[in-house]
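Next come the chains, spelled out residue by residue.
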Amino acid sequence: MHGVVFWKAKTGCDWIGGDSSQFFTPRDTSQLITWQDGRCNRDFLSTLPKPESHLSIATGFGCATIFWYMRHRPGFLSDFTVAGTIHDYVVSMLCGLESCAMTGQNAASWGYFNTATNQWNMDILKDAGFPVHLLPECVPSGCIAGQTCCEWHGVPANTPVGAALGDLQCSVYSSMTDRTDAVLNISTSAQLIYAMPLDFTPPNCADPTSTIFYFPYFDGSYLAVAASLNGGNVMASLVGMLSGWMNELGVESSDSSLYEKLIRCALGVDSSDLRVSPTILGERHDPISLGQVSNIHPSNLSLGHITRAVCRGILDNITFMMNPLSLLEAGVQSIKGSGSALSQNAVLRQEAERAFPLPVVYGQDVDSAVGVAIVFHTRL
């Protein structure tokens, strides 16, 4: 929901197929620049105007990325007339829209969006020379963006299509059955989330050092979110490192088999005094603080100890960002676990259950990307 893709209004895709099955393929579009894009470093971000928003701007956010292109590759932007998230693009193509309708959930994730007024910081952006013609039109979360312009994979033409929602909000919507629930989502990254009181109003300005963000949800409500950049991608890096070492030693092994073996080894180690700080990608509140391994001795260097310590480190990091006691103070009574990394890793689940003074319940696995972007009206 932080990422950005660019396209030309009337030629963003080609529709292919016959009456029984149609699909579209990208045409005049850019590649997707995701939330993991790191080109907007701290020095670059410090040159950007201060947003009129309670949410800070960070690398990988749509508006920051557009600022980077504006300053470094302005010719790239001139090739396109519309910008949006990847799921906004899907909705626009399904409905044959010439513009982009974006919900406040996604707009807030781009930066330079005031959630109180539901408007872009137009004056600030114009004064900075930002190409404001690329900004989508903001619409309420849950509204209908249009209707399918063609039959699409069995979905008939003229079916109402909801404006795309934020993937984080969708993971909460599918998991949080009661306002006394919190959601722990660990997929590529990791989030710990609970609902703020309905009368909550976020602060007027951003605190870039805060570990908690307040993201818009539905009907003017907000979610308190600890959004870590380090989740399942840390385990993927561990697997990638081991795979690289094995290749250098002339031993072949698939990543999937390595995952299984690492988890099996860690399940044989109930605890470890090895300490891993897993912030190998930094964090938005502290981008220069990277990962560390400490308390190393000869008896805790097995794969089981290392894997157990990495999994615990992921949970330690997210609970540092949002203290579990704050969940109790907010009236949270249970934690709903979701996300592909959590559902596929029994060691992560064990460490999650140890990290919280509340029951952790696992529901449906939510790995939301384009799939959650298309919300039909009956869903809401």
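The shown structure was predicted, so the numbers you read here are calculated from the model rather than taken from an experiment.

What counts as what
- Residues numbered from 1 in each chain as written.
- Predicted model: local features only at pLDDT ≥ 70, side-chain atom pairs only at ≥ 80, totals over all residues.
- Heavy atoms only, no water.
- Helix = DSSP H or I, 4+ residues; strand = E, 2+ residues; numbered from the N terminus.
- Rg over C-alpha atoms; globule rule 2.2 N^0.38 Å.
- Buried < 20%, exposed > 50% of the residue type's maximum accessible area, 1.4 Å probe, protein only.
- Contact = heavy atoms within 4.5 Å.
- Areas by Shrake-Rupley, 256 points an atom, 1.4 Å probe, with all protein chains shown as cover.
- Lys, Arg positive; Asp, Glu negative; His and termini not counted.
- Charge placed at Lys NZ, Arg CZ, Asp CG, Glu CD.
- pLDDT = per-residue confidence, 0-100.
- Phe/Tyr/Trp six-rings, centres within 6.5 Å; stacked < 30°, edge-to-face > 60°.
- Lys NZ or Arg CZ within 6 Å of the ring centre and 35° of its normal.
- Pairing = 2+ DSSP bridges.
- Salt bridge = Lys/Arg side-chain N within 4 Å of Asp/Glu carboxyl O.
- Expected span 1.5 Å × (residues − 1).
- Axes fitted to C-alpha atoms, helices over the stretch in contact; angles between N-to-C directions.
- Parallel < 35°, antiparallel > 145°, perpendicular 65-115°, else oblique.
- Left-handed = near helix turned anticlockwise from the far one by under 90°.
- Nonpolar A, V, L, I, M, F, W, Y, C, P; charged D, E, K, R; others polar.

(A) Main features of the overall build of the chain. Helix and strand counts for the chain come out as 13 helices and 18 strands. At 22 Å, the chain has a C-alpha radius of gyration in line with the 21 Å of a compact globule built from 380 residues. On the principal axes, the C-alpha backbone points of the chain span a range of 65 × 50 × 45 Å. Expressed as a percentage of the 380 residues in the chain, the buried residues total 53%. Pairs at least 24 apart in sequence give 72% of the contacts found in the chain among residues at least 6 apart. As displayed, the chain has an accessible area near 17200 Å², and 53% of this comes from carbon and sulfur atoms. Of the charged side chains in the chain, 20 are positive and 33 negative; the average position of the first set lies 3 Å away from that of the second.

(B) Representation of the confidence of the model for the chain. The share of residues in the chain with pLDDT of 70 or more is 95%, and the mean pLDDT across the chain is 91. Confidence over residues 366-380 falls short of pLDDT 50; this stretch has 41 contacts with residues more than four positions distant or in other chains.

(C) Here's a closer look at the packing of aromatic side chains. For the structure on display, the rule yields 18 aromatic pairs. For the ring pair tryptophan 68 and tyrosine 69, a centre distance of 5.4 Å and an interplane angle of 90° mean the geometry is edge-to-face. Above the ring of tryptophan 68, the side-chain terminus of arginine 39 is found at 4.7 Å from the ring centroid.

(D) Fine view of the pairing of strand β13 (residues 213-216). As paired strands, β13 and strand β14 (residues 222-228) are joined by four bridges and run antiparallel to one another. Pairing of phenylalanine 215 across the sheet is with leucine 223, part of β14.

(E) The pattern of salt bridges, seen in detail. Inspection of every chain in the model, using the stated rule, returns seven salt bridges. Shared partners join several salt bridges into a network, and the residues in it are Asp270, Arg308, Glu351 and Arg354.

(F) Helix α8 (residues 232-248), seen in detail. Helix length check: α8 (17 residues) gives 24 Å between terminal C-alpha atoms against 24 Å at 1.5 Å per residue, within 8%. For α8, every residue scored as buried is listed here: Gly232, Asn233, Val234, Met235, Leu238, Val239, Leu242 and Ser243. Buried residues along α8 sit in contact with β11 (181-186), α9 (255-267), α10 (303-321) and α12 (340-344). Just downstream of α8, glycine 250 is the residue with a positive phi angle, here 80°.

(G) Molecular detail of the packing of α8 against α9. The interhelical angle for the contact between α8 and α9, taken along N-to-C directions, is 110°, at an axis separation of 10 Å. When the axis of α8 is compared with that of α9, the two are roughly perpendicular. Handedness of the crossing formed by α8 with α9: right-handed. Residues Gly232, Met235, Ala236, Leu238, Val239, Leu242, Ser243 and Met246 of α8 lie in contact with α9, whose contacting residues are Asp255, Leu258, Tyr259 and Leu262. Split by residue class, the contact of α8 with α9 holds nine nonpolar, two polar and one charged.

(H) Highlighting the environment of alanine 224. Turning to its location among the elements, alanine 224 is positioned in strand β14. Taking the relative accessible area as the measure of exposure, alanine 224 reaches 0% and is therefore buried. On a C-alpha basis, the gap between alanine 224 and tyrosine 194 in space is 5.5 Å, while along the polypeptide they are 30 residues apart. Apart from residues no more than four positions distant in its own chain, alanine 224 is found in contact with Leu192, Ile193, Tyr194, Met196, Ile212, Phe213, Tyr214 and Met322.

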